[in-house]
Structures are given as structure tokens and as C-alpha cells.
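Remarks on the overall topology
Chain by chain, the residues run as shown.
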Amino acid sequence: MNQLSLTATGALIVIALLHGTATPGNAQSVETPHSETLAAIQDRGSLRCGVNPSQTGMARQDARGRWDGMGVDLCRAIAAATLGDPNAVDFIPVTARTRFTSLQSGEIDMLSRTTTWTFSRDTTQGVDFIGPYFIEVESVMVRADTGITSVAELDGQPVCAVTGSLTETVLRNYQAQLGIEIEFVPVTGTEDYARAYESGRCIGVADGKAGLEALRAAQIDADGHRALDEQLALSPLSLAVRHGDDKWDDIVQWTFNALATAERLEVTQANVQRLSIESRHPIIRRMISDDGGSGALLGLESNWALRAIQAVGNLGEIYDRAFGPGSALPIDRGRSALWQDGGMIFPAPFE
């Protein structure tokens with residue numbers, strides 16, 4: 001063997017070692033992923049999930065202390081995937097002001113509060129966003145007897161908006177475009193703006209459609225309140241994790257993708273166990289079968305996605321419980337549907 005061949009062989013060995021292959025003939029090995037967040041969750045035995053203090057359809061605690069809502073179910077899916085128990089969740093209420101500091105400090109492991117994915121938050125708050133899972137439409141609700149039909153007519157009027165929220169920023173930008181001056185009434189969250197609106201401190205409330213519908217439904221004269229026709233912005237509500245733990249990011253991201261992909265492939269809470277054994281569909285097998293291999297790549301057990309879907313159903317089932325026709329707050333899915341159904345939710349492919 002000449003010197004050139006020896007050099008080339010040496011280079012191949014170095015490349016093989018760098019890629020986890022001992023010799024050119026061996027199959028490439030996969031290093032078991034490590035996540036400090038996952039390790040802490042497993043040692044603790046519970047997932048700490050930041051949620052809304054109280055918003056019908058998203059996160060709300062009933063009289064018995066049980067939480068329900070879309071954000072809550074997404075937390076339960078992650079707990080099922082990582083701990084094997086959807087009830088191993090500590091739901092920690094966080095406000096618009098405290099949500100990011102709670103995540104950065106380690107008080108919570110993930111954020112499943114109505115939080116919009118924006119440029120400034122993604123680049124300055126030390127968080128990574130995952131989703132979106134719900135597409136909000138930002139608007140303003142007023143009492144019908146005010147006769148107000150457009151944002152322009154709110155000039156000089158008191159309007160409640162959660163301090164530090166995207167809604168506040170959007171409405172301030174919109175008033176600048178119109179050349180008007182709205183009197184902003186600062187509030188800390190949905191319960192706070194409900195009290196302010198009901199007491200007459202503000203003539204209108206600015207928020208996303210889900211929040212405004214929940215507020216309207218809580219009024220004695222629900223039909224006496226209406227959202228203005230103007231859609232100020234679309235807000236992609238997303239999960240969030242602490243920046244820097246890529247493996248935990250992957251786990252939350254792909255659990256969400258599994259729920260959305262399950263909906264696309266008609267894998268449901270009722271049939272997931274059977275399909276994990278009987279299905280020959282390659283993507284279904286990759287996700288939920290023991291021999292699919294997806295769990296090993298995430299550092300989880302082989303049935304991680306099956307457990308998540310068994311716990312809460314697919315993304316469509318989660319939405320229907322929170323906002324479907326039989327729910328306490330029916331909201332047409334619209335842009336929050338999967339892309340093939342005319343919506344804006346697009347899960348990354350399990351390839």
C-alpha cells in the first residue's frame with residue numbers, strides 16, 4: 001500500500017470515529033441523547049408545566065382542583081411520553097409578566113400558556129418555541145349597546161389589554177396607523193380584564209378570539225357583547241422550552257408533531273394500541289410501534305408516542321375537547337386546523 005493509500009485510509013478512520021463508526025464496515029451507532037431537563041423531570045417524577053391561571057378552553061381548574069383545556073392536555077401528553085403517566089404534572093399558573101422568567105429560572109420545565117411566537121421573544125427571552133398549536137385572531141370586544149363598530153371609534157376610549165402581551169403591542173401599532181389615541185387600561189391577565197370590563201373600567205377588551213369568546217360566554221347577557229370585525233393580527237400560540245437544552249427541545253417538539261401527525265393519519269386515542277401492532281404504514285410504525293426506533297433517537301422508551309396519544313388523543317381530539325361543538329366554549333377550528341384541512345398547523349414529517 002503506497003503512502004497516498006495509507007493517508008486516505010487514515011482519513012477514513014478519523015471520519016468514521018468522528019461519526020461514531022469504529023471501522024468502515026460497521027453500521028453507524030447512535031449516541032443516546034442526554035437532556036438535563038429530562039433528567040431533572042425523571043428524578044423529580046413530575047413535569048412542571050406553566051399554564052394560564054384561568055382561561056376556559058386553554059387552562060382552567062374546576063371546583064375539584066382538576067385542570068382541563070388544550071394547554072393542559074399538551075402538558076399531559078409530554079408527561080405521558082417522558083414519564084409514562086399523564087397525571088405526573090405540576091400545573092403552575094404563570095402570568096404574561098412572569099411566564100418567561102419562570103421558564104428561564106427553572107421554576108417550570110415548559111410553557112403551555114397562551115403565548116405567541118414572535119421575533120423579539122425568540123431572540124431575547126432565552127426560550128425556544130414549538131408549534132404553533134393554535135392560531136389566534138387578535139381583536140377587540142365591546143358592549144353592543146355602545147354602538148362602536150370599528151377600532152377607529154375607540155379614539156379616547158378606555159380599553160383593557162394585558163400588559164406586555166402581543167395584543168397590547170398590536171393594538172398600539174394599529175392605533176398609530178389610524179392616528180388615534182386609545183386610553184390603555186393595564187391588566188395582568190384574563191381574570192383581571194374580566195373584572196375591569198364588568199365594572200366599567202374599560203369600554204372594550206383587546207385579546208385573541210379564544211380569550212374574548214371566554215369573556216363573552218361568562219357574561220349574563222352574552223349576546224350583548226361583540227368582537228369588532230377588524231382582525232388586527234394572527235398570533236401563532238406555541239409551546240416554549242428553555243433555550244440551550246436541544247434534546248429536551250426535540251422531545252417536546254416531536255411529541256407535538258406526533259399528536260398532529262396522528263390526527264393526519266387518523267390515529268386516535270381509541271385505535272392507537274391496535275394500530276401499534278397491526279398497522280403496516282411506515283410512519284405510523286415509526287411513531288408508535290415497539291420496533292419503530294423513534295424512542296431511542298429521543299432517549300425515550302419505544303412506546304413514548306403511543307403513551308402520549310393514549311393519554312390525550314391526537315391534536316384534533318384535544319382541540320375538540322377544548323373548543324369543539326360539545327365543549328363549554330365552541331370555536332370553529334379555522335386556521336388552527338391542519339394544513340390539509342385549510343388550516344395553518346403543519347407538523348414536520350416523521351422521515
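Right, let's walk through the structure included here. Residues take numbers from 1 onward in each chain, read along the sequence in its written order. This being a predicted model, a pLDDT of at least 70 is required before a residue's local features are given, and a value of 80 or more before pairs of side-chain atoms are given or counted; all residues contribute to the totals for chains, interfaces and linings. Values reported for side chains reflect all heavy atoms of the structure, with hydrogen atoms and water molecules removed beforehand.

Here we come to the overall build of the protein chain. A count of helical and extended segments in the protein chain gives 14 helices and eleven strands. Here the term buried applies to any residue with accessible area under 20% of the maximum for its type, exposed to any over 50%, and partly exposed to those in between, with areas from a 1.4 Å probe on protein chains only. Residue burial in the protein chain is summarised as follows: out of 351 residues, 51% are buried. Within the protein chain, contacts between residues separated by at least 24 positions form 70% of all contacts whose residues are at least 6 apart in sequence. Summed over its atoms, the accessible surface of the protein chain is roughly 16,300 Å², and 51% of this surface lies on carbon and sulfur atoms. Put simply, the protein chain has 28 plus and 44 minus side-chain charges, and the middle of one group is 3 Å from the middle of the other. In DSSP terms, a helix is any run of H or I states spanning at least four residues, a strand is any run of E spanning at least two, and both are numbered starting from the N terminus. Residues count as neighbours in contact if any of their non-hydrogen atoms are within 4.5 Å of one another. Residue burial considers only the protein chains on display, and all accessible areas are found by Shrake-Rupley using a 1.4 Å probe. We count Lys and Arg on the positive side and Asp and Glu on the negative side, and we leave His and both chain ends out. By convention, charge coordinates are those of NZ in Lys, CZ in Arg, CG in Asp, or CD in Glu.

Axis definition: a line fit to C-alpha positions, over the contact stretch in the case of helices; interaxial angles, taken between N-to-C directions, run 0 to 180 degrees. With their axes 9 Å apart at the nearest point, helix α3 (residues 70–83) and helix α14 (residues 315–323) run at an angle of 145° to one another. The crossing of α3 and α14 is right-handed. Touching M70, D73 and L74 of α3 are L315, I318, Y319, R321, A322 and F323, all from α14. Helix crossings fall into two classes, left-handed where the near helix is turned counterclockwise from the far one by less than a right angle and right-handed where it is turned clockwise.

So, about the state of the cysteines. Cysteine sulfur atoms are paired as a disulfide whenever they fall within 2.5 Å. All chains considered together, the criterion is met by two disulfides. The partner cysteine of C160 in its disulfide is C202, sulfur to sulfur 2.2 Å. Disulfide C160-C202: the torsion about the S-S bond is -95°, which places it as left-handed. Linking C160 in strand β7 (residues 158–162) with C202 in the loop between α7 (190–199) and β9 (204–208), this pair joins segments that are 42 residues apart in sequence. Take C202: its relative accessible area is 1%, and that puts it in the buried class. Cysteines bonded in the protein chain are numbered consecutively along the chain; their disulfide partners then correspond to 1-2, 3-4.

In terms of nonpolar packing, the biggest core is built from 62 residues, with M70, I288 and F323 touching the most fellow members. What F323 contacts, discounting residues up to four positions off in sequence, is T56, G57, M58, M70, F134, A210, L329, P330 and I331. Definition used in this section: a nonpolar core is a set of buried Ala, Val, Leu, Ile, Met, Phe, Trp, Tyr and Cys residues joined via side-chain atoms within 4.5 Å.

Now for the pattern of salt bridges. Salt bridge, as used here, is a side-chain nitrogen of Lys or Arg placed within 4 Å of a carboxyl oxygen of Asp or Glu. Scanning all chains against the criterion turns up 13 salt bridges. A salt bridge links R64 to D62, with the shortest nitrogen-to-oxygen separation between them at 3.6 Å. Judged by its relative accessible area of 76%, R64 falls in the exposed class. Ionic pairing is found between D73 and R76, a salt bridge with its closest N-O pair at 3.5 Å. Taken together, the positions of D73 and R76, both in helix α3 and three residues apart, correspond to about one turn of that helix. Across the pair, exposure class does not vary: D73 and R76 are buried alike. Salt bridges here are not isolated pairs; linked through shared partners, they connect D73, R76 and R321.

Before going further, it helps to spend a moment on the side chain of N52. Tracing the chain through its elements places N52 in the loop between β1 (47–51) and β2 (60–61). Among the polar contacts made by the side chain of N52, one reaches the side chain of Q55 at a distance of 3.3 Å. Polar contacts here mean pairs of N or O atoms no more than 3.5 Å apart (in protein, one a potential hydrogen donor and the other a potential acceptor; neighbouring residues in sequence count only if both atoms are side-chain atoms). Side-chain polar atoms of N52 contact the backbone nitrogen of T114, separated by 3.1 Å. Setting aside its immediate chain neighbours within four residues, N52 contacts M58, A59, W67, V94, R113 and T114.

Moving on to α7. Helical geometry note: an α-helix holds 3.6 residues per turn, so side chains three or four residues apart project in the same direction. Listing the buried residues of α7 in full gives T190, D192, Y193, A194, A196 and Y197. Next to the buried residues of α7 lie β6 (127–143), β7, β8 (183–187), β9, α8 (209–217) and β10 (225–227). With its phi angle positive at about 90°, G200 sits one or two positions after the end of α7.

Direction vectors running N to C along helix α9 (residues 246–264) and helix α13 (residues 304–312) enclose 60°, while the axes themselves pass 10 Å from each other. Viewed along their axes, α9 and α13 form a crossing whose handedness is right-handed. Together, W254, T255, A258, L259 and A262 of α9 and W304, A305, A308, I309 and V312 of α13 make up the contact between the two elements. Residue composition of the contact of α9 with α13, by class: nine nonpolar, one polar and no charged. Residues are grouped as follows: Ala, Val, Leu, Ile, Met, Phe, Trp, Tyr, Cys and Pro are nonpolar; Asp, Glu, Lys and Arg are charged; every other residue, Gly included, is polar.

Let us look at unusual backbone geometry. Geometrically, the link from G131 to P132 is a cis peptide bond, its omega value of 0° lying close to zero. Within the secondary structure, P132 is located in strand β6. Here E266, not a glycine, exhibits a phi torsion of approximately 60°, which is positive.

By secondary structure assignment, the location of D249 is in helix α9. In contact with D249, not counting residues within four places along its chain, are D128, I130 and V241.

Moving on: the pairing of β1. By the criterion of burial, β1 is predominantly enclosed, with four of the five residues buried. Paired strands, as defined in this entry, are two strands with at least two bridges between them according to DSSP. Taken together, the five bridges between β1 and strand β4 (residues 89–93) define a ladder with parallel strand orientation. Bridge assignment links R48 to a residue of β4, and that residue is D90. In terms of strand pairing, β1 meets strand β5 (residues 110–111) through two bridges, oriented parallel. Paired with G50 across the bridge in β5 is L111.

Let us look at the pairing of β7. The buried count for β7 comes to five of five residues, which makes it a mostly enclosed element. Covered by surrounding structure in β7 are P158, C160 and V162 together with V159 and A161, the residues of both alternating faces. In terms of strand pairing, β7 meets β9 through two bridges, oriented parallel. Bridge pairing in β9 links V159 to G204.

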